Amino acid sequence: MRAFKHPLLQDLTLERLLYALSDPVRLEIVRCLAGVPEATCGELDGGRPKSSMSHHFRVLRDAGLVQTRSAGTTHLNSLRADLLEERFPGLLQSILAQR
C-alpha cells in the first residue's frame, strides 16, 4: 500500500486551504472529522462514489487539512487541527463555527 504525502507546516498556504474548503462535500468531511479522533473513508462518504471521495480526500490532504494513514486495507483520516492552528491561528475554528 502506498504512503500518503502530507505537506509540512511551512508549505501550507491559505489559498489551498480555502480552495479545499470551498466545496460543500469537503467542508462536511472536515466538520465530521472535527468531532472525532479518526474516521474511515467509508464513514465519511455519505453514499458518494469511491472515485469522487478519493478526489475529495486528495484535495484535503494536499491542502494540509487531513492526515490519512493506512491500517491494513483501511484508510483512517484525522483533522490536522493542531498544525492548522499553529499556521493559521483561529482560522479553522472560525470556519467550523459557521453553519
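Scope of this entry: the structure provided in the associated data block. (Residues numbered from 1 in each chain as written. Predicted model: local features only at pLDDT ≥ 70, side-chain atom pairs only at ≥ 80, totals over all residues. Heavy atoms only, no water.)

Some thoughts on the overall build of the protein
Counting secondary structure elements, the protein contains six helices and three strands. Helices and strands in the protein line up, N terminus first, as α-α-β-α-α-β-β-α-α. Relative to its length of 99 residues, the protein is compact, with a C-alpha radius of gyration of 13 Å against a globular reference of 13 Å. Each principal axis of the C-alpha atoms in the protein carries an extent, and together these give about 35 × 30 × 20 Å. In the protein, buried positions account for 39% of the 99 residues. Taking all contacts inside the protein whose residues are at least 6 apart in sequence as the whole, residues at least 24 apart take part in 72%. (Helix = DSSP H or I, 4+ residues; strand = E, 2+ residues; numbered from the N terminus. Rg over C-alpha atoms; globule rule 2.2 N^0.38 Å. Buried < 20%, exposed > 50% of the residue type's maximum accessible area, 1.4 Å probe, protein only. Contact = heavy atoms within 4.5 Å.)

Overview of the sheet that holds strand β1 (residues 39-40)
Within the open sheet, the three strands sit side by side as β1-β3-β2. Their pairing is antiparallel. This sheet does not close on itself; its edge strands, each paired only once, are β1 and β2 (66-71). The sheet contact formed by β2 and strand β3 (residues 74-79) spans six bridges and is antiparallel. For A71, the partnering residue across the bridge sits in β3 and is T74. Lying on the sheet, helix α2 (residues 24-34) is in contact with β1, β2 and β3; it crosses β3 at an angle near 80°. (Pairing = 2+ DSSP bridges. Axes fitted to C-alpha atoms, helices over the stretch in contact; angles between N-to-C directions.)

Some thoughts on the pattern of salt bridges
Across all of its chains, the model carries two salt bridges by this definition. When the shortest N-O distance is used, the salt bridge between R69 and E38 registers 2.7 Å. One end of the pair, R69, is in strand β2; the other, E38, is in the loop between α2 and β1, with 31 residues separating them in the sequence. Using a relative accessible area of 33% as the deciding quantity, one classes E38 as partly exposed. Close ionic contact of R58 with D62 constitutes a salt bridge, the shortest N to O distance being 3.6 Å. Taken as a pair, R58 and D62 lie in helix α4 (residues 50-63) at a separation of four residues, close to a single helical turn. (Salt bridge = Lys/Arg side-chain N within 4 Å of Asp/Glu carboxyl O.)

Quick notes on the packing of aromatic side chains
The description of an aromatic ring pair uses the distance of the two centres, along with the angle that the planes make with each other. Evaluation of the coordinates by the stated rule reveals zero aromatic pairs. When the ring centre of Y19 is taken as origin, the NZ or CZ atom of R26, which lies over that ring, is 5.3 Å away. (Phe/Tyr/Trp six-rings, centres within 6.5 Å; stacked < 30°, edge-to-face > 60°. Lys NZ or Arg CZ within 6 Å of the ring centre and 35° of its normal.)

Concerning the packing of helix α1 (residues 14-21) against α4
The contact between α1 and α4 brings their axes to 8 Å, and the two run at 155°. Taken together, α1 and α4 sit at an angle that is classed as roughly antiparallel. The interaxial crossing formed by α1 with α4 has left-handed handedness. In this structure, α1 contributes R16, L17, Y19 and A20 to the contact, and α4 contributes V59, L60, D62 and A63. Split into classes, the residues belonging to the contact of α1 with α4 amount to six nonpolar, no polar and two charged. (Parallel < 35°, antiparallel > 145°, perpendicular 65-115°, else oblique. Left-handed = near helix turned anticlockwise from the far one by under 90°. Nonpolar A, V, L, I, M, F, W, Y, C, P; charged D, E, K, R; others polar.)

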